[in-house]
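# Analysis of the macromolecular model
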Number of protein chains: 2
Amino acid sequence: MPMSNKTIIALDAMGGDGGPEVVVAGAALARERYPKIAYIFVGDEARIKPLVARYPLLKDISEIRHAPDIVPNDLKPSLALRQGRASSMRLAINAVAKGDAASVVSSGNTGALMAMAKFVLKTMPGIDRPAIAGLFPTQIAECVVLDLGANLECDAENLVQFAMMGAIFCHTVLGIQDPTIGLLNIGVEEMKGHDEVRTAAGILRERPIFGSFKGFIEGNDITAGTVDVIVTDGFSGNIALKTAEGTAKLISHFLIQTFKSSLFARLGYCLARGALRKLKVRVDPRRYNGAMFLGLQGVCVKSHGGTDHEGFASAIGVAFDLVDRGFNHRIRDELALHYGVEPPAKLEGPEEKPLLENGDA
Amino acid sequence: MPMSNKTIIALDAMGGDGGPEVVVAGAALARERYPKIAYIFVGDEARIKPLVARYPLLKDISEIRHAPDIVPNDLKPSLALRQGRASSMRLAINAVAKGDAASVVSSGNTGALMAMAKFVLKTMPGIDRPAIAGLFPTQIAECVVLDLGANLECDAENLVQFAMMGAIFCHTVLGIQDPTIGLLNIGVEEMKGHDEVRTAAGILRERPIFGSFKGFIEGNDITAGTVDVIVTDGFSGNIALKTAEGTAKLISHFLIQTFKSSLFARLGYCLARGALRKLKVRVDPRRYNGAMFLGLQGVCVKSHGGTDHEGFASAIGVAFDLVDRGFNHRIRDELALHYGVEPPAKLEGPEEKPLLENGDA
């Protein structure tokens, strides 16, 4: 079967706690959801081959590229960059750089993935630092939060660039016409916060960027749905993400205890079980798996290391959507408009070739 | 009735959205819980007097001190310090400095309260910066998190001092024998995080302080109950606190929708209602109201500005417990032990006089 009209995604098959089993099973599940998808599995060929053979859906849309090494989870990013040239992570990123794949998904070491992706794919001209972005559920729908951990400290211009990328993401991928933007702070008054957030707020009030800047927001605004895009440095963003996950777990733990606490409560649970299961699906962290590295000349998605095949399939879906909606092209146009940056020639590679005209796996 | 053996708490009656009505009603509720308590209400005497008269419990244990001014919520701390000398907030703090009260509780402007409390009560020798500490519910019991917003940026030594104060709080107030301490970070590996947290971790591993240092923890560890004391800078701590509050609200919102989504779910809710109400009480943010300013030569508690009398009563309870358990004395002893700091003479004032021998209100 020819690979024409396929969106090819390179998968680091060796990243994450579940190894190739989870990656291949996730890929098969994502294939059910996205018939246009095709894969390049990168890793230990001897382990991957029999796994791929288990799924008839993966036949004809899968290429396996052998990588002799893996990147350990505790390896420093700088060392991973030097020592990981033959790793599954690196070769999967290389597949995007060469234009063989439209995007890469990995559950491996986040710092190493960011370092390698930056080195191989390069940052977009006009973007100083890529950011990690993720979706949060809100009382209204969902919001995008960035940075979730790529940059521990950010200057005002970094935050402004994050705001711009987040707004374009909301528009192109989530279909929000005029995305609203908030800067995460510890109060909504103008005088509150670090110099960096106050300066960034000043710039966002003045500069005509895509989206509507709504000023400062606080931690509780993230899930309230106050704005569509929440901009913060990577340290605070990561703490917000993990605190939200922890709080959701705590309440789920309390709910289980509550429904076991009396006979009436047990009966009540039995009656409401169907509805409660739907809620469980709605807030399932696996649905929100797939953190996007925005600002690179290529699409790179980080899956949670501990996720299962359901979660990994969500991360593949995120990568597919980013490519399918032409997110990076839209960013490039916006940069050209507001920063006068020339569209980078390199971007044409992976981005213009999500749909391969021919070739086979 | 003589005021002997009473723990006198000064209340800023004009702070918070609910004004003196909430403060006086909260004081009456706290009096039911703590028979040893007595109050100095500070604020607009004409408004406070008839409110106090409504509660027979407050008779004989209440003094009213008139303050002509209030501190507006949006006033900068530096201006509040200069312009607020006749405010209810300032005069309530002064009551502690003079030894008339053992502690002060206010629902007013946080920044102004911290600035005034620091200026009037002074920081303890050996503590460079006071921190705001609060209790979080966990899967096991509860934990104390500090700083929640007093210090946007902290150096390593500040963080170490927070760790020490948090551990002593757990011991003296929560009764935990050997409190465990974690530093909030974006990963548990040694190389992760800002210079400040990495340096602080190094010091905490070396220096023999009270409590057991367990290294870095992440946002999800707060509610998991991984450690008893969570140490972080005020920016990250505030974002963690508010993100946790927002997430709890989101899930509560989803639960209400879930129980309304079908007839079975409605019936199930009716059956489990008793147990669910208990859960609601357990995670009620009003129960966790009352942020403590630790590191001052006097006990100062900040109540949430938007809370009701239930929440305000919790904040009074926090102040009472801190005085009753001799928290500040224990900190002083610990500082003397590890830093060689002389017990400050000034501390004797408010701390040695929680139990007035005689006098009346």
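Note that the coordinates shown come from a computational prediction; the quantities given were computed from them, not determined experimentally.

If the charged atoms of two oppositely charged side chains come close together, the side chains can form a pair. Residues and elements named next belong to chain B. This model, assessed by the stated rule, comprises 26 salt bridges over all chains. One salt bridge in this structure joins Arg286 and Asp284, with 2.8 Å as the shortest N-O distance. For Arg286, a relative accessible area of 31% gives the class partly exposed. For Asp284, a relative accessible area of 17% translates into the label buried.

Backbone hydrogen bonds are what pair the strands of a sheet, in a parallel or an antiparallel way. Residues and elements named next belong to chain A. Read from one edge of the open sheet, 11 strands run E3-E2-E1-E4-E11-E10-E5-E6-E9-E7-E8, paired in mixed fashion. The sheet terminates laterally at strand E3 (62–66) and strand E8 (212–217), the two strands that pair on one side only. For this sheet, the mean angle separating the axes of adjacent strands, direction not counted, is 25 degrees. When strand E2 (residues 37–43) meets E3, the two strands line up parallel, connected through five bridges. Pairing of Tyr39 across the sheet is with Ser62, part of E3.

Note that Glu190 of chain B resides in the loop between strand E7 (180–184) and helix H7 (195–206). Linking Glu190 of chain B and Val281 of chain B, residues 91 residues apart in sequence, is a C-alpha distance of 39 Å.

A separate point is the packing of helix H6 (residues 156–172) of chain A against helix H7 (residues 195–206) of chain A. Residue and element names in this part refer to chain A. For the pair H6 and H7, interaxial distance at closest approach is 8 Å and the crossing angle is 50 degrees. What the angle tells us is that H6 and H7 run oblique. Viewed along their axes, H6 and H7 form a crossing whose handedness is right-handed. Facing Ala156, Glu157, Leu159, Val160 and Ala163 of H6, the residues of H7 in contact are Glu196, Val197, Thr199, Ala200, Ile203 and Leu204. Here the residues of the contact of H6 with H7 are counted per class, giving eight nonpolar, one polar and two charged.

Turning to the pairing of strand E8 (residues 212–217) of chain B, a few remarks are in order. Residue and element names in this part refer to chain B. Counted residue by residue, E8 has five buried out of six residues, so it is predominantly covered. As paired elements, E7 and E8 share four bridges and run parallel to each other. Residue pairing for E8: Thr180 is matched across the bridge by Ser212. Viewed along the sheet, the connection from E7 through H7 into E8 turns out right-handed.

All names here are of chain B. Pairing in this open sheet of 11 strands is mixed, and the strands run E3-E2-E1-E4-E11-E10-E5-E6-E9-E7-E8 from one edge to the other. Looking along the sheet, the strands with just one partner apiece sit at the ends: strand E3 (62–66) and E8. Recorded for the sheet is a direction-independent mean angle of 25 degrees between the axes of neighbouring strands. Across the face of the sheet, helix H5 (residues 110–121) comes into contact with strand E4 (103–106), strand E5 (131–137), strand E10 (291–294) and strand E11 (299–302) while running at roughly 175 degrees to E11.

Now for the domain arrangement of chain A. Residue and element names in this part refer to chain A. Split by domain assignment, chain A resolves into domain 1 (1–128 + 295–325) and domain 2 (131–290). With centres defined by C-alpha atoms, the gap from domain 1 to domain 2 works out at 26 Å. Taken residue by residue, the interface counts 21 residues in domain 1 and 15 residues in domain 2. The junction of domain 1 with domain 2 conceals about 1,300 Å² of combined surface from both sides, 57% of it contributed by carbon and sulfur atoms.

Every contact between the two is made by 54 residues of chain B and, on the other side, 54 residues of chain A. Both faces combined, the contact of chain B with chain A buries some 5,000 Å², and carbon together with sulfur accounts for 73% of it. One salt bridge connects Glu218 of chain B with Lys242 of chain A, and the closest N-O pair in it is separated by 2.3 Å. The interface formed by chain B and chain A holds 10 residue pairs in polar contact (both at pLDDT 80 or more) in total. Elements represented by at least two residues in the side of chain B that touches chain A include exactly helix H8 (219–224), helix H9 (234–259) and helix H10 (263–282) of chain B. In terms of residues, the side of chain B that touches chain A owes the most to one element, H9 of chain B, which gives 21 residues. Considering only residue class, the side of chain B that touches chain A consists of 26 nonpolar, 20 polar and eight charged.

The rules we used
- Residue numbers run consecutively from 1 along every chain, following the written order of its sequence.
- A letter from A marks each chain and a number from 1 marks each ligand, given out in the order of writing.
- In view of the model being predicted, local features appear only for residues whose pLDDT reaches at least 70, and side-chain atom pairs are presented and counted only at 80 or more, with totals across whole chains, interfaces and linings using the full set of residues.
- To get the side-chain values, all heavy atoms of the structure are used, and hydrogens and water are removed first.
- Salt bridge criterion: a side-chain nitrogen from Lys or Arg within 4 Å of a carboxyl oxygen from Asp or Glu.
- Residue burial is assigned from relative accessible area. The probe radius is 1.4 Å, only protein chains are included, and a residue is buried under 20% of its type maximum, exposed over 50%, and partly exposed in between.
- Any two strands with at least two DSSP-identified bridges between them are counted as paired.
- The helix count covers DSSP runs of H or I at least four residues long, the strand count covers runs of E at least two residues long, and both are numbered beginning at the N terminus.
- Fitted lines through C-alpha atoms give the axes, limited to the stretch in contact for helices. The angle between two N-to-C directions lies from 0 to 180 degrees.
- Here the word oblique covers every angle except those under 35 degrees (roughly parallel), over 145 (roughly antiparallel) and from 65 to 115 (roughly perpendicular).
- Crossing handedness follows the turn of the near helix against the far one: under a right angle anticlockwise gives a left-handed crossing, and clockwise gives a right-handed one.
- For this analysis, residues touch if any pair of their heavy atoms sits within 4.5 Å.
- Basically, the charged four are Asp, Glu, Lys and Arg, the nonpolar ten are Ala, Val, Leu, Ile, Met, Phe, Trp, Tyr, Cys and Pro, and anything else, Gly included, counts as polar.
- With its strands directed away from the observer, a crossover is right-handed exactly when the path from the first strand over the helix to the second travels clockwise.
- Either an automatic procedure or a domain database provided the assignment from which the domain bounds are taken.
- Two parts placed together each lose some accessible area; with a 1.4 Å probe, that loss summed over both constitutes the buried area.
- Any pair of nitrogen or oxygen atoms within 3.5 Å is treated as a polar contact; in protein, a donor-acceptor pairing is required on top of that, and neighbouring residues in sequence qualify only through side-chain atoms on both sides.

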